[in-house]
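Architecture at a glance
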Amino acid sequence: MQRMRSLFARAGLPLVLVVGLGAEVSAELIQSPGGRAYPDLAGAITGTQQYTYHPSTQTGTLQVTNTPFLLSTGPSTANEVVVQPNADGMRSQVINLKLDPNGRLVSDPGNSYSLYGTVVVDGKTFQGLLLQATPTAFGAKTGAPASFNLDLKVTGGELARTFGPSVYMEFHSGGEGTFDGSFSRSFTTKIDSSNTLGYQSPVPTTVPEPTTFVVFLAGGFGLIVYRHRRRHATFIPDYRPAADEHSVH
């Protein structure tokens, strides 16, 4: 970003994994690709995470929802667009995972990622199911905030070609919740922020939507930027291309 992008890219949310804080957990954070990448979908502060452990099957189900807010397909403000709700009011990212007691991803047909909303890219409107993907790896780290990340294989959606074949996602708790590093018991957290990035996307597309920034001036955008600014500017690791499958230790 130049003006707005600098708020996210220089100091906000993308690729800031607080790996040095808190106790280690069995499902360690997967390797972050690092560096800048587009498309970059930033999520706002309204989100929840619910993990329900089932002792009878020795597995747990993780459900995450949050609000996608800003889609950037390049480094300038001309490449930024606000994600708007669909006609039915839906605007969300939804994740469903099955995990073992150590927090490792268990193969299951219910494992999924879905992005819903409306965006205007190059004057063309995309709406409904914008992105669909299958999780291939999951990692977590306790701390303040707790951090979680995913590797995803893109399977469909209106923006599938824009994001490319694979997506990396990370999300952070807001410091509230009952996650202590254990996946052998249920917990809940509130999602403070998220980033969903396409590291293997085609050449970035221009998104000429400058007038939509009026939306940012309402609804607490300043708070979102402030929290993003606190997060970014730690470390940005070297890029390592992600394979379709990762093993999570």
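Structure shown above.
First things first, this report covers the structure right here in the doc. (Residues numbered from 1 in each chain as written. Predicted model: local features only at pLDDT ≥ 70, side-chain atom pairs only at ≥ 80, totals over all residues. Heavy atoms only, no water.)

Membership of the largest hydrophobic core comes to 37 residues, with the highest contact counts inside it found for Y113, V119, F138 and F183. Setting aside its immediate chain neighbours within four residues, V119 contacts L71, V81, V82, V83, K124, T125, F126, L130 and L159. (Core = buried A, V, L, I, M, F, W, Y, C linked by side-chain atoms within 4.5 Å. Buried < 20%, exposed > 50% of the residue type's maximum accessible area, 1.4 Å probe, protein only. Contact = heavy atoms within 4.5 Å.)

It is worth spelling out the pairing of strand β5 (residues 112–121) at this point. Among the 10 residues of β5, 7 are classified as buried, and the element is accordingly described as predominantly covered. With 5 bridges joining them, strand β4 (residues 92–99) and β5 adopt antiparallel strand pairing. Counted as the bridge partner of Q93 is L115 from β5. Bridge analysis of β5 against strand β6 (residues 124–141) gives 9 bridges, and the strand direction is antiparallel. Bridge pairing in β6 links V119 to F126. In sequence, β5 turns back onto β6 through a hairpin of 2 residues, with D122 there showing a positive phi of about 55 degrees. (Helix = DSSP H or I, 4+ residues; strand = E, 2+ residues; numbered from the N terminus. Pairing = 2+ DSSP bridges.)

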